[in-house]
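Listed below, chain by chain, are the residues.
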Amino acid sequence: MMVDGVEDEEKWLAAGIAGLQQNAFYMHRALDSNNLRDALKYSAQMLSELRTSKLSPQKYYQLYMRAFDELRKLEMFFKEETRRGCSIIDLYELVQHAGNILPRLYLLCTVGSVYIKSKEAPAKDVLKDLVEMCRGIQHPVRGLFLRSYLSQISRDKLPDIGSEYEGDADTVNDAMEFVLQNFTEMNKLWVRMQHQGPAREKDKREKERSELRDLVGKNLHVLSQIEGVDLDTYKETVLPRVLEQVVNCKDEIAQCYLMDCIIQVFPDEYHLQTLEILLGAFPQLQPSVDIKTVLSRLMERLSNYAASSTEVLPEFLQVEAFSKLNNAIGKVIEAQADMPILGAVTLYSSLLTFTLHVHPDRLDYADQVLGACVKKLSGEGKLEDNRATKQIVALLSAPLDKYNDIVTVLKLSNYPSVMEYVDSETNKVMAMVIIQSIMKNNTQISTADKVEALFELIKGLIRDLDGAAHDQVDEDDFKEEQNSVARLIQMLQNDDTEEMFKIICTVRKHILTGGPKRLPFTVPPLVFSSLKLVRQLQGPEENPFGEEGSTTPKKVFQLLNQTIETLYGVPAPELALRLYLQCAEAANDSDLEPVAYEFFTQAYILYEEEISDSRAQVTAIHLIIGTLQRMHVFGVENRDTLTHKATGYSAKLLKKPDQCRAVYACSHLFWVDDQDNMKDGERVLLCLKRALRIANAAQQMSNATRGSTGSVTLFVEILNK
């Protein structure tokens, strides 16, 4: 059926074009021989082809454009005729003798155009006559194209201010009246299309209507171009008349398109000054109209207008734009109870952008918008709709982009509440956006309360939300996320040591909920932040034991000990060992011998109980020896114990070359240049001799197993020592 229909239409179009061209040919012949009567006869026959109702709008347009080109030539001929002395009034009468109404009206409009140009009658009278006459065509498609033709030929002949056709007083009203009347009639024809034909062809009709909509919208464009339409005229006459037509037509497609047209074609300052009238129309529209898009565009235009120059901002305050928009959105959402959540969130997102542009200093306004959004979301539970989630991300990103400062955003009390309604994936995305904003702007977050609020916001990265397992998480993404958290922890800084200690405790509380997978990423930065604090506390006037209740290095070290212990459960013994040694070194700098001894003990226990891999043991023993060598806080007894242990571990390594290297490294523990009591030549010699014995044994083993003594590298290394 459909294929046949399309083929038939092609045939009808071809037949129409053929008939049109044939009559146009005869018309041209008549024009060339200045035969007016024949010219009118053939032009009327040519225009009769436009009487068809078998063509879709698209095909009809092709036919119409050919006729339009021919009518231009006819208009030139009419102009010539009047120059030759033919009376234009007689011509205007003559064309009305055409047999059919459609050709008659096309010819009348064409002569009318010449009539206005001749200025023999006021433009307003001719236009009024034409727009009234066009009512004779009530077929939607034919009527729309006829009125479109009238609009086309008259747009440069309107009696506007400064135009050559401007008559006596009040001519602008006539121009406006003409365009409004044509617009109203065209809209009625356009809406009527919806109700013609069987219900099953509804989709086809809607497609055809969307193809024709620009014919109707063009009138609004012409209106906006009329010089005489100033703000008062727009406010008093144009907007109320157009809105009345839009609301009364009760047609979803027309309302949506025309509201959008009004917003696009008239200037921003007009919208601002007539905001109340414009917004008053929204709740009266059909429930099915996509109000969110139209309202969003209005707010977008006003936002751009506000951003264009600071001089216009007082206008926004003067008309109380925010409260009007806020109320309108509230009413629309209330009126459309079944509006999908996407619609509501889009509206709030646009309103927030508007608020941030127009009232950047009014955080309470921004918070009010977020609060309204939370209220709407609260009835919904977690969001499932992807598009709605994207809008929420846009909503939450807007304040970050505007203020470039998370500290300001944290003042918005409803901000975290909106975050509650997104799924854990989106929560992570948003948390990354927040962290990137902090990095980019190098934001200082310097109190424990703000840190608490911030970590609540980014909890999607800190721990698994709502039991979401992380099996399906991409490893690289996970590492990137956790490294971002680590960088964030490093950025938290306050010169007041008490407050800094509180910040560290707050961060610790949050990261310990992260589970074994996250701890290896988040514990090290926390440890180093704490060690930075210890160095701050080592100022010359600091008393290591401090007053009651104040932060002391000892207190920080206790916290560090408990924090590093959490890595046992991961398990990450090598990482824990390194961190213990770092802490021991810091305790050494703070002259806290018992604390340093405790950290070393923990490191030794880890070495004995947890580190079994031979390569890891070699690395660990060299780290232990290196750290121990730099210690100056230990008394003789403690130092001997630790040194004895270290040399014992060295001799027990699996491979002989590893043993040899560890033992000769231990020789450093008995000879430290800048400590006089640490120069024990005998024991250095003992260590080196022992290393030699091990090197010899290594050579003998090599001889026994490989038949060659192997290299002498170890002897050279011992000689160097």
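Remember, it's a predicted structure, so these values are computed and weren't measured experimentally. (Residues numbered from 1 in each chain as written. Predicted model: local features only at pLDDT ≥ 70, side-chain atom pairs only at ≥ 80, totals over all residues. Heavy atoms only, no water.)

### Some words on the overall build of the protein
Within the protein one finds 35 helices and zero strands. Taking 721 residues into account, the globule formula puts the C-alpha radius of gyration at 27 Å, and the protein, at 43 Å, lies well above it. Once the C-alpha set of the protein is aligned to its principal axes, its extents read approximately 135 × 70 × 45 Å. The buried share among the 721 residues of the protein stands at 50%. Put simply, of all contacts in the protein between residues at least 6 apart along the chain, 71% involve residues at least 24 apart. Accessible surface, the protein: about 34000 Å² in total, of which carbon and sulfur atoms supply 49%. (Helix = DSSP H or I, 4+ residues; strand = E, 2+ residues; numbered from the N terminus. Rg over C-alpha atoms; globule rule 2.2 N^0.38 Å. Buried < 20%, exposed > 50% of the residue type's maximum accessible area, 1.4 Å probe, protein only. Contact = heavy atoms within 4.5 Å. Areas by Shrake-Rupley, 256 points an atom, 1.4 Å probe, with all protein chains shown as cover.)

### A few points about the side chain of Lys157
Secondary-structure assignment places Lys157 in the loop between helix H7 (140-154) and helix H8 (171-192). Classification of Lys157 by relative accessible area gives buried; the value is 3%. A polar atom in the side chain of Lys157 sits 2.7 Å from the backbone oxygen of Ile153. Apart from the residues within four sequence positions on either side, Lys157 is in contact with Ser113, Ile116, Lys117, Ala123, Leu127 and Tyr165. (Polar contact = N/O pair within 3.5 Å; in protein donor to acceptor, adjacent residues only side chain to side chain.)

### Considerations on the packing of aromatic side chains
For the coordinates displayed, the defined rule picks out 24 aromatic pairs. Measuring from ring centre to ring centre gives 6.0 Å for Tyr64 and Phe68, while their planes differ by 35°; the resulting arrangement is tilted. Residue Tyr64 and its partner Phe68 are located together in helix H3 (residues 57-83), separated by four residues, close to a single helical turn. The exposure classification of Tyr64 matches that of Phe68, with both residues buried. (Phe/Tyr/Trp six-rings, centres within 6.5 Å; stacked < 30°, edge-to-face > 60°.)

### What about the domain arrangement of the protein?
For the protein, the domain assignment lists domain 1 (1-121) and domain 2 (122-266). Inter-centroid distance (C-alpha atoms) of domain 1 to domain 2 is 23 Å. Surface buried jointly by domain 1 and domain 2 totals about 2500 Å² across both partners, of which 74% is contributed by carbon and sulfur atoms. Counting the surface domain 1 buries against domain 2, the share from its top three residues, Pro57, Cys109 and Ile116, is 25%. At the surface where domain 1 touches domain 2, the tally comes to zero salt bridges. Where domain 1 touches domain 2, the interface holds six residue pairs in polar contact (both at pLDDT 80 or more). Of all elements in the fold, only H3 and helix H5 (101-118) reach the threshold of two or more residues within the side of domain 1 that touches domain 2. (Domains from an automatic or database assignment. Buried area = accessible area lost by both parts, 1.4 Å probe. Salt bridge = Lys/Arg side-chain N within 4 Å of Asp/Glu carboxyl O.)

### Concerning the environment of Glu132
By secondary structure assignment, the location of Glu132 is in helix H6 (residues 123-133). For the pair Glu132 and Asn182, spaced 50 residues apart in sequence, the C-alpha to C-alpha distance is 9.0 Å.

### Remarks on the pattern of salt bridges
Tallying each qualifying case throughout the model produces 29 salt bridges. For the salt bridge of Lys324 with Glu276, the shortest nitrogen-to-oxygen distance reads 3.3 Å. Here Lys324, found in helix H16 (residues 321-335), pairs with Glu276, found in helix H13 (residues 275-281); they are 48 residues apart in sequence, far enough to count as distant. Among the residues examined, Glu276 registers a relative accessible area of 54% and is labelled exposed. Among the ionic pairs, Glu456 bridges to Lys459, the shortest N-O distance being 3.6 Å. Note on Glu456: relative accessible area 31%, which makes it partly exposed. In this structure Lys459 comes out as buried when scored by relative accessible area, which is 12%.

### Overview of unusual backbone geometry
The linkage connecting Val570 with the following residue, Pro571, adopts the cis geometry, with an omega of -10°. Looking at the element boundaries, Pro571 is found in the loop between helix H28 (553-565) and helix H29 (573-589). Phi at Asn34 takes a positive value of approximately 55°, unusual for a residue other than glycine. Position of Asn34 among the secondary structure elements: in the loop between helix H1 (2-32) and helix H2 (36-48).

### Focus on the side chain of Lys59
Its location among the elements puts Lys59 in helix H3. Lys59 gets classed as buried once you look at its relative accessible area, which sits at 16%. Here Glu10 takes part through its side chain, which lies 3.4 Å from a polar atom of the side chain of Lys59. In this structure Lys59 touches Glu9, Glu10 and Leu13, once residues within four positions along its chain are discounted.

### With respect to the packing of helix H17 (residues 341-358) against helix H19 (residues 386-403)
Here H17 crosses H19 at 10°, and the two axes come no closer than 8 Å. Between H17 and H19, the angle is such that the two are roughly parallel. Facing H17, whose interface residues are Ile341, Leu342, Val345, Thr346, Tyr348, Ser349, Leu352 and Leu356, H19 presents Arg387, Ala388, Gln391, Ile392, Ala394, Leu395, Ala398, Pro399, Lys402 and Tyr403. Residue composition of the contact of H17 with H19, grouped by class: 13 nonpolar, three polar and two charged. (Axes fitted to C-alpha atoms, helices over the stretch in contact; angles between N-to-C directions. Parallel < 35°, antiparallel > 145°, perpendicular 65-115°, else oblique. Nonpolar A, V, L, I, M, F, W, Y, C, P; charged D, E, K, R; others polar.)

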